[in-house]
Amino acid sequence: MDLIFDKVSYRPSDEITGVGPGSGTLSVSRLGVPIKELASADAFNLGTYPEGAYSISWKGEEGSQLNSAFEVLDEPWARMRYGFISEFSDSVDVKEYLMWAKKLHLTSIQFYDWAWKHEFLTTEASHYPDPLGQSISTEKIKELIRGYEEIGSTPSGYAAIYAVDAQGWERWKEFGLFDSEGNPYTLGDNFLWILDPADPKWLKHMISELRKAHEFGFKAFHLDQYGWPKSALKADGERIDLAERFPQMLDEIVKSLPSCKQIFNNVNDYPTWSTTQTGQHATYIEVWDPHSTYSHLAGLVSKARGLNPSRPVILSAYLHPFGNIGRGVEESEAVAAFELAFASIVSGGASHLITGGDGRILHHAYYVNNYSAPESTLRIIQSYFDFAVASGDLLYDTTRVDVTLIESFGVNNEIKFESLSPINHEATPKQLWIRVFKGKTGFTVHVINLLDQDDCNWDVPKKAILSTAALTVSVEAAGLSDQASIAFASRGAEFNLKKLELNGNRLEVEVNIQSAWTILNIPFA
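An account of the accompanying structure is given in this report. Being a predicted model, the structure only gives us computed values, none of them experimental. (Residues numbered from 1 in each chain as written. Predicted model: local features only at pLDDT ≥ 70, side-chain atom pairs only at ≥ 80, totals over all residues. Heavy atoms only, no water.)

## Things to note about the overall build of the chain
Per the secondary structure count, the chain includes 11 helices and 36 strands. Relative to a compact globule of 525 residues, whose C-alpha radius of gyration would be 24 Å, the chain shows 24 Å and is just as compact. Counting across all 525 residues of the chain, residues that qualify as buried make up 60%. In the chain, once contacts between residues fewer than 6 apart in sequence are set aside, the share between residues at least 24 apart is 70%. Accessible surface computed for the chain: about 20,300 Å², of which carbon and sulfur atoms make up 49%. The positive charge centre, built from 45 side chains, and the negative charge centre, built from 68, are 3 Å apart in the chain. (Helix = DSSP H or I, 4+ residues; strand = E, 2+ residues; numbered from the N terminus. Rg over C-alpha atoms; globule rule 2.2 N^0.38 Å. Buried < 20%, exposed > 50% of the residue type's maximum accessible area, 1.4 Å probe, protein only. Contact = heavy atoms within 4.5 Å. Areas by Shrake-Rupley, 256 points an atom, 1.4 Å probe, with all protein chains shown as cover. Lys, Arg positive; Asp, Glu negative; His and termini not counted. Charge placed at Lys NZ, Arg CZ, Asp CG, Glu CD.)

## Notes on the layout of surface pockets
Any space left empty among the atoms is revealed by the rolling of a water-sized probe across them. For the largest pocket, the calculated volume is near 520 Å³. Lining of the largest pocket is provided by 31 residues; of these, Y112, Y158, L187, D224 and Y226 occupy positions nearest its centre. Elements with a minimum of two residues in the lining of the largest pocket: β12 (154–160), β16 (220–224), β19 (261–267) and β20 (283–286). A total of 3 residues in the lining of the largest pocket trace back to one element, the largest contributor, which is β12. In this structure, the second largest pocket encloses a volume near 400 Å³. (1 Å grid on protein atoms, 1.4 Å probe; cavity = no way out; pocket = protein on both sides within 12 Å on 5 of 7 lines; lining within 4 Å. Points joined across faces, edges and corners; volume = space filled by probe spheres on them.)

## Describing the sheet that holds strand β8 (residues 82–85)
Taking strand neighbours across the sheet as the criterion, the 8 strands line up as β8-β9-β12-β16-β19-β20-β21-β22 in an open arrangement whose pairing is parallel. Two strands close off the open sheet at either side, each with one partner strand: β8 and β22 (351–353). Across the sheet, the mean angle from the axis of one strand to that of its neighbour is 30 degrees, orientation sign disregarded. Sheet topology places β12 next to β16; 5 bridges connect them, and they run parallel. Pairing of G157 across the sheet is with F221, part of β16. Packing against the sheet, helix α5 (residues 242–256) makes contact with β16 and β19, and its axis sits at approximately 165 degrees to β19. (Pairing = 2+ DSSP bridges. Axes fitted to C-alpha atoms, helices over the stretch in contact; angles between N-to-C directions.)

## Overview of the pairing of strand β32 (residues 483–488)
The element β32 is largely enclosed, with a buried count of 5 among its 6 residues. Here β32 pairs with strand β33 (residues 495–499) via 5 bridges, running antiparallel. In the strand pairing of β33, S485 is matched with L497. As consecutive antiparallel partners, β32 and β33 are separated by 6 residues, and within that stretch G492 has a phi angle of approximately 75 degrees, a positive value. Sheet analysis places β32 next to strand β36 (residues 517–522), joined by 4 bridges and oriented antiparallel. Residue pairing for β36: I486 is matched across the bridge by L520.

## Notes on the side chain of E286
As for its placement among the helices and strands, E286 is situated in strand β20. K230 is the oppositely charged side chain nearest to the buried, salt-bridge-free E286, at an N-O distance of 11 Å. Residues within four places of E286 in sequence aside, it is in contact with N265, N266, V267, N268, D269, S316 and Y318. (Salt bridge = Lys/Arg side-chain N within 4 Å of Asp/Glu carboxyl O.)

## Some words on the packing of aromatic side chains
Considering all chains together, one arrives at 38 aromatic pairs under this definition. An angle of 75 degrees between the planes, with centres 6.4 Å apart, marks the rings of F5 and Y10 as edge-to-face. Here W169 and W193 contribute two aromatic rings whose centre-to-centre distance is 6.2 Å and whose plane-to-plane angle is 20 degrees, an arrangement assigned as stacked. Separated by 24 residues along the polypeptide, W169 in helix α3 (residues 166–172) and W193 in strand β15 (residues 192–194) bring together distant segments of the chain. Taken as a pair, W169 and W193 share a single burial class, namely buried. Here K230 stacks its cationic end above the ring of Y270, 5.1 Å away from the centre of that ring. (Phe/Tyr/Trp six-rings, centres within 6.5 Å; stacked < 30°, edge-to-face > 60°. Lys NZ or Arg CZ within 6 Å of the ring centre and 35° of its normal.)

## Focus: the nonpolar core
The biggest cluster of nonpolar side chains holds 133 residues, and the ones touching the most others in it are F111, W114, I141, Y148 and W517. Sorting elements by how many residues they give to this core places helix α8 (residues 331–346) first, with 10 residues. Leaving out residues up to four positions away in the same chain, Y148 has contacts with I85, Y97, L98, A101, I109, F111, S153 and P155. Grouped together as the second largest cluster of nonpolar side chains are 27 residues, V403, I415, L432 and V475 included. (Core = buried A, V, L, I, M, F, W, Y, C linked by side-chain atoms within 4.5 Å.)

## Structural notes on the pattern of salt bridges
Here the structure, examined in full by the defined rule, presents 26 salt bridges. Among the ionic pairs, E143 bridges to K140, the shortest N-O distance being 3.3 Å. Residue E143 and its partner K140 are both found in helix α2 (residues 138–150); the two are separated by 3 residues, about one turn of the helix. Given a relative accessible area of 31%, E143 falls into the partly exposed group. Using a relative accessible area of 9% as the deciding quantity, one classes K140 as buried. With a closest N to O distance of 3.2 Å, K234 and D196 form a salt bridge. Residue K234 is found in the loop between β17 (231–233) and β18 (239–241), and its partner D196 is found in the loop between β15 and α4 (200–216); the two are separated by 38 residues along the sequence. Here K234 and D196 have matching classes, each one buried. Members of the salt-bridge network, linked through shared partners, are D2, K103, E375 and R379.

## Examining unusual backbone geometry
Residue P229 follows W228 across a cis peptide bond; omega there is -5 degrees. Relative to the helices and strands, P229 is located in the loop between β16 and β17. D289 connects to P290 through a cis peptide bond whose omega is 10 degrees. By the secondary structure assignment, P290 is in the loop between β20 and α7 (294–307). The residue L31 is not glycine, and still its phi comes out positive at about 55 degrees.

## Section: the side chain of S256
The topology assignment puts S256 in helix α5. Of the polar contacts made by the side chain of S256, one reaches the backbone oxygen of E252; its length is 2.8 Å. If near-sequence neighbours (up to four positions away) are discounted, S256 is found in contact with I207 and R211. (Polar contact = N/O pair within 3.5 Å; in protein donor to acceptor, adjacent residues only side chain to side chain.)

## Some thoughts on the environment of A477
Relative to the helices and strands, A477 resides in the loop between β31 (469–476) and β32. On the basis of relative accessible area, A477 is assigned to the buried category, the value being 18%. Each C-alpha atom, one on A477 and one on N505, is 5.7 Å from the other, the two residues being 28 residues apart in sequence.

Function-wise, these values are silent; they only describe arrangement.
Have a look at this one:
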């Protein structure tokens, strides 16, 4: 049983429609504040809503309950939730792919390794192998593009923007990148050779290929690099700094394809400082060591938002525990790794690229090597994505500031925390990790539950999150409402209201931590 919306995101002029499990009562709320209640059969139409994030709950006649979330935005890309697909054969069940995207409200889908070649993206052939031998159906790609667009999700075509195969190397060798001994930079065993991405002749060719892919159907592109070399030589001895060349390439692509959105892969945060100043449309970071802890994930998000606050931030943090289930890793350990990594990333106002297809989970940089998760795991992932959508007004408030060390902890008195369990403003094993943000939505407290964990490395199996705790939050009362909103990621989109008690000049509330990630929002009066 599910509440399934017809679209992954809605515009203010759209009617909110979908399908429920049967006769019952639908209730719409916003951060726990009731908005509308109506009777429903299988299909429902909630009417139109102003911009914002909403929760919806369904209660059946026999007491069964479900919840989900929807958002209304002029620009859905602003709260981008990125998924992926990596299979394009005739056997792909498009309906199953679209259903998973709708359940998770995925606003863009990366079509990974859909292209004919790295040098030539499209072909006239109806069927072809990709560069690593995967079977591709041209008509299936077009069917998937049409399907995702119908539900409001933007298909994004993958393109490696500076790589050619052995035959291409013979054509483009003079534009290649070399080390100090004259050896060309390559990927794999005689698989790909790397070129200067901003060389005018190569860039003209690549833009031509992207135009053909746009005519084929793509309205967005995922532009990939490999993270190295960062500095190289051309055949004539000219030194090339890729942190300068990538922005030149991006600006030219954006200018040449004004109707397409562009996402560039900043591998391990390189070179985010320069690419965020270009005209691309998102800040995407693929995470690797030494960014190995929850604090590193949070730091990457904070830095990316600071470099360009107007752009959505996406972290692709592949979870290797899912690739080792049954080989020393339990399903519950991989799920706990997902819960804590997702909370660390999304609490900072970013999204986590981790799932796609018909319920696949990424554990490897080659997306074809993914994990097909059981229903129990998919339910948990769905709850966390519902939670993120319902919390969208808190998470993606562009005015919000991290005030964890400014208005709480140490000598700061504006917000105080007390608990019998250990608490910390840093991600620390065996403690509650507390993050505090302040924006137009008031104060938002994120509590990430690390009580069961022996370390804070994000890409390792984690212990199941079973420990609970009571946390008392006290704030200076001036200018604040005495009604707080509380939600737990494990419960999906369900927000509840709780009254704060006035104690002198302070408001106090006790929060029972029951999940990997808890949100408390205290709005301004």
